[in-house]
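Residue-level listing of the chains:
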Amino acid sequence: MEPTGDLALIGLAVMGQNLILNMNDKGYTVVAYNRTVSKVDEFLNDAAKGRKTILGAHSIEEMVRMLKKPRKIMLMVKAGKAVDDFIELLLPHLESGDCIIDGGNSHFPDTIRRTKYLESKGFLYIGTGVSGGEEGARRGPSIMPGGSPKAWPLVKDIFQATSAKTPDGAPCCEWVGENGAGHYVKMTHNGIEYGDMQLICEAYQLMKEGLGMTAGQMHTVFSEWNKGELDSYLIEITRDILAFKDADGQPLVEKILDTAGQKGTGKWTSVSSLDLGMPVTLIAEAVYARCVSAMKEERVNASKILKGPKAKEFKGSKTEFVEDIRQALLASKIVSYAQGFMLMREAAREYGWKLNYGAIALMWRGGCIIRSAFLGKIKEAFDTNPDLSNLLLDKYFESVIGTCQASWRKVVMTAVELGVPVPVFSTALAFFDSYRSARLPANLLQAQRDYFGAHTYERVDKPRGQFFHTNWTGTGGSVSSSTYTA
Ligand code: 2AM
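Residues numbered from 1 in each chain as written. Predicted model: local features only at pLDDT ≥ 70, side-chain atom pairs only at ≥ 80, totals over all residues. Heavy atoms only, no water.

An unreviewed UniProt entry lists the chain under the name 6-phosphogluconate dehydrogenase, decarboxylating, with Candidatus Raymondbacteria bacterium RIFOXYD12_FULL_49_13 given as the organism. Under the UniProt heading Sequence similarities (unreviewed entry), the note attached to the chain is "Belongs to the 6-phosphogluconate dehydrogenase family." Looking at the Subunit (unreviewed entry) heading of the UniProt record, one finds this comment for the chain: "Homodimer." (UniProt positions renumbered as here; feature names shortened; annotations may be inferred.)

Take a look at the structure:
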């Protein structure tokens, strides 16, 4: 019998199951397989019941036999060793030109390594970001594939059919670039997600602690915000969370312990930003904010010792201040995305990828956790100028920041006065002020480096590339550190 399977998917946790159902809805025949084989029949008898074009395989051999050539096998398993293990299990059963796809949250250096490895053996490899959670997988996720360019035509139709669509109907799935590019872009997406979430949390904290607002009142504010420029999935779910009542009728959110978890993609983004020398300060600050939140016992102890201004003493119009917070959030969000795109631009240079920034904004426009109307504006910015060096320099974003700036400063100042921590609002503003400064105090820093370490400096009145050393103390020599190694 001729094989009929369009794609096999290994890994029948919820994401995997939902992707299979979604692909099957779009008319594709999908073969399901799992390490614990009993889960295959459980799936066929439960979520996939009655679907004749979802086929269960009980061994890798059987799975491979069911697939049309060139074979496409997608892994939705735990990132790390499980992916390498499955690759090794699959290879003996595959032929040149077959394609393995990793749809998990793999770290991009692993994907770079795996692409090279599989290509060296004549196979094709894709590492793809899949974002949108369980519901996204079922209804349409954002899909960010990278890897072997020759693999893209093999999966383009099925991926684009399965992915979310923007309000204009464009698929939230495009080819990202070679080897680890897809997973890099997904990692950056997750980092930006950390930032967006922390921005919302700081807005909430300011309203709650600074203005003394109730969850119900904040629910109304987020409902309004979701109708305007901040229209996004994360604002929408925050609105709903604030309205959600526990069994006793009280807001559930206030009963949740304030210690955040993390799975590591925000950290990876920050580590990569340090490796590449890119100031992605907002995401890093958002990661640290989670770390501080996790120090619950220490904080409780410190709260009894370290005194600051008493909160809830805001004087002025609360309605106006809520609007100031909205503008501060919007301006900070622009900085965060500007930093995220700066990072991807630098990564593209470092790893030799040709990233299409408009296409990335489009992929994030729908389906994924950071989906928003705002990303439509980013797409427009890169459509207008594909070589845009920084989002902050785009006319639209420049004018939004111009409008929001006074409120943004007021919010940070007020938070400082009230003693309410706003690490990402303030780091965004600090970055903005640094970025728009033609001159920073690094002249003094270079003098210090030259003073204690003879590290030399360049001068404003001499061409770049000429280095000077001064004997600052009159003692010691005039030899710079480039001429000796101490
Ligand atoms: P399991 O059902 O056999 O545990 C999410 O955890 C998915 O990743 C599941 O399908 C799970 O398979 C799979 N998985 C987790 N660790 C794995 C490993 N080390 N090897 C293979 N599959 C693994």
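What is the right way to look at the site of the ligand in this model?
Residues in close proximity to the ligand include Gly11, Leu12, Ala13, Asn34, Arg35, Thr36, Lys39, Met76, Val77, Lys78, Ala82 and Phe86, which together make up its full environment. Protein contacts shield 76% of the accessible area of the ligand, which totals 470 Å² for the unbound molecule. When its residues are assigned to classes, the shell around the ligand shows 6 nonpolar, 3 polar and 3 charged. (Near = heavy atom within 4 Å. Areas by Shrake-Rupley, 256 points an atom, 1.4 Å probe, with all protein chains shown as cover. Nonpolar A, V, L, I, M, F, W, Y, C, P; charged D, E, K, R; others polar.)

Could you clarify how one ought to interpret the packing of aromatic side chains in this entry?
Remark: the centre distance and the inter-plane angle together describe each pair of aromatic rings, the angle taken between the planes. This model, assessed by the stated rule, comprises 21 aromatic pairs. In this structure, arginine 290 is placed above the aromatic ring of tyrosine 194, and the distance from its NZ or CZ to the ring centre is 3.6 Å. Lying across the ring of phenylalanine 374, lysine 333 places its NZ or CZ 5.0 Å from the centre. (Phe/Tyr/Trp six-rings, centres within 6.5 Å; stacked < 30°, edge-to-face > 60°. Lys NZ or Arg CZ within 6 Å of the ring centre and 35° of its normal.)

Just to check I follow, could you spell out the sheet that holds strand 4 (residues 72-75) for this structure?
The pairing of strands in a sheet happens through backbone hydrogen bonds and is either parallel or antiparallel. Within the open sheet, the 8 strands sit side by side as 3-2-1-4-5-6-7-8. Their pairing is mixed. The open sheet has two edge strands with one neighbour each: strand 3 (54-56) and strand 8 (177-178). Strand direction decides the pairing type here: strand 1 (residues 7-10) and strand 2 (residues 30-33), joined by 4 bridges, are parallel. What sits directly across from leucine 7, in strand 2, is valine 30. Running at roughly 155° to strand 4, helix 4 (residues 81-90) makes contact with strand 1, strand 2, strand 4, strand 5 (99-102) and strand 6 (124-131) of the sheet. (Pairing = 2+ DSSP bridges. Helix = DSSP H or I, 4+ residues; strand = E, 2+ residues; numbered from the N terminus. Contact = heavy atoms within 4.5 Å. Axes fitted to C-alpha atoms, helices over the stretch in contact; angles between N-to-C directions.)

Would you take a moment to explain the pairing of strand 2 for this structure?
Along a regular strand, successive side chains alternate from one face of the sheet to the other. The side-chain alternation of strand 2 yields two buried faces, one formed by Val30 and Ala32 and the other by Val31 and Tyr33. Handedness of the crossover is the feature at issue here: the chain leaves strand 1, passes through helix 1 (residues 14-25), returns alongside strand 2, and the resulting connection is right-handed. (Buried < 20%, exposed > 50% of the residue type's maximum accessible area, 1.4 Å probe, protein only. Right-handed = clockwise from strand over helix to strand, strands pointing away.)

For this particular structure, what's the right way to read the pattern of salt bridges?
Two side chains that carry opposite charge are able to pair once their charged atoms sit near each other. Considering all chains together, one arrives at 31 salt bridges under this definition. One salt bridge connects aspartate 98 with arginine 71, and the closest N-O pair in it is separated by 2.7 Å. Of this pair, aspartate 98 sits in the loop between helix 4 and strand 5 while arginine 71 sits in the loop between helix 3 (60-65) and strand 4; the two residues are 27 residues apart in sequence, bridging distant segments of the chain. Judged by relative accessible area, which is 7%, arginine 71 ranks as buried. Here the salt bridges share partners, and the residues they tie into one network are Asp84, Asp102, Asp110, Arg113 and Arg114. (Salt bridge = Lys/Arg side-chain N within 4 Å of Asp/Glu carboxyl O.)

Whenever I open this one, helix 4 confuses me. Can you help?
Because an α-helix completes one turn every 3.6 residues, residues spaced three or four positions apart along the sequence face the same direction. Along helix 4, the residues classified as buried are Val83, Phe86, Ile87 and Leu90. Angular distribution of buried residues about the axis of helix 4 spans 105°; they occupy a single face of the element. (Arc of directions from axis to C-beta.)

When you look at the side chain of threonine 166 in this model, what are you seeing that I'm missing?
When you line up the elements, threonine 166 lands in the loop between helix 7 (152-162) and strand 8. Aside from chain neighbours lying at most four places away, what touches threonine 166 is Cys172, Leu362 and Arg365.

Help me understand a nonpolar patch on the surface in this model?
Together, Tyr451, Phe452 and Trp472 line one region of the surface with nonpolar side chains, adding up to about 390 Å² of accessible area. As for its position among the elements, phenylalanine 452 is in helix 19 (residues 442-453). (Patch = residues over 30% accessible without salt bridge, like charges linked within 9 Å, V, L, I, M, F, W, Y side chains within 5 Å.)

In this structure, what is going on with unusual backbone geometry? I would like to understand it.
The omega angle of the peptide bond from lysine 69 to proline 70 is -10°, so this bond is cis rather than trans. Looking at the secondary structure, you find proline 70 in the loop between helix 3 and strand 4. Unlike most non-glycine residues, asparagine 179 shows phi in positive territory, near 35°. Tracing the sequence through the fold places asparagine 179 in the loop between strand 8 and helix 8 (181-210). Even without a glycine there, the phi angle at threonine 456 is positive, about 70°. Here threonine 456 is to be found in the segment after helix 19.

I would appreciate a short explanation of the packing of helix 15 (residues 357-365) against helix 16 (residues 374-384) in the present structure.
When two helices pack together, their arrangement is given by the angle between the helix axes and by the axis-to-axis distance. Two elements in contact, helix 15 and helix 16, have axes separated by 8 Å at closest approach and are oriented at 165°. What the angle tells us is that helix 15 and helix 16 run roughly antiparallel. Our pair here, helix 15 against helix 16, has a crossing hand that is left-handed. Together, Tyr357, Gly358, Ala361, Leu362, Trp364 and Arg365 of helix 15 and Leu375, Gly376, Ile378, Lys379 and Phe382 of helix 16 make up the contact between the two elements. Broken down by class, the residue content of the contact of helix 15 with helix 16 amounts to 7 nonpolar, 2 polar and 2 charged. (Parallel < 35°, antiparallel > 145°, perpendicular 65-115°, else oblique. Left-handed = near helix turned anticlockwise from the far one by under 90°.)

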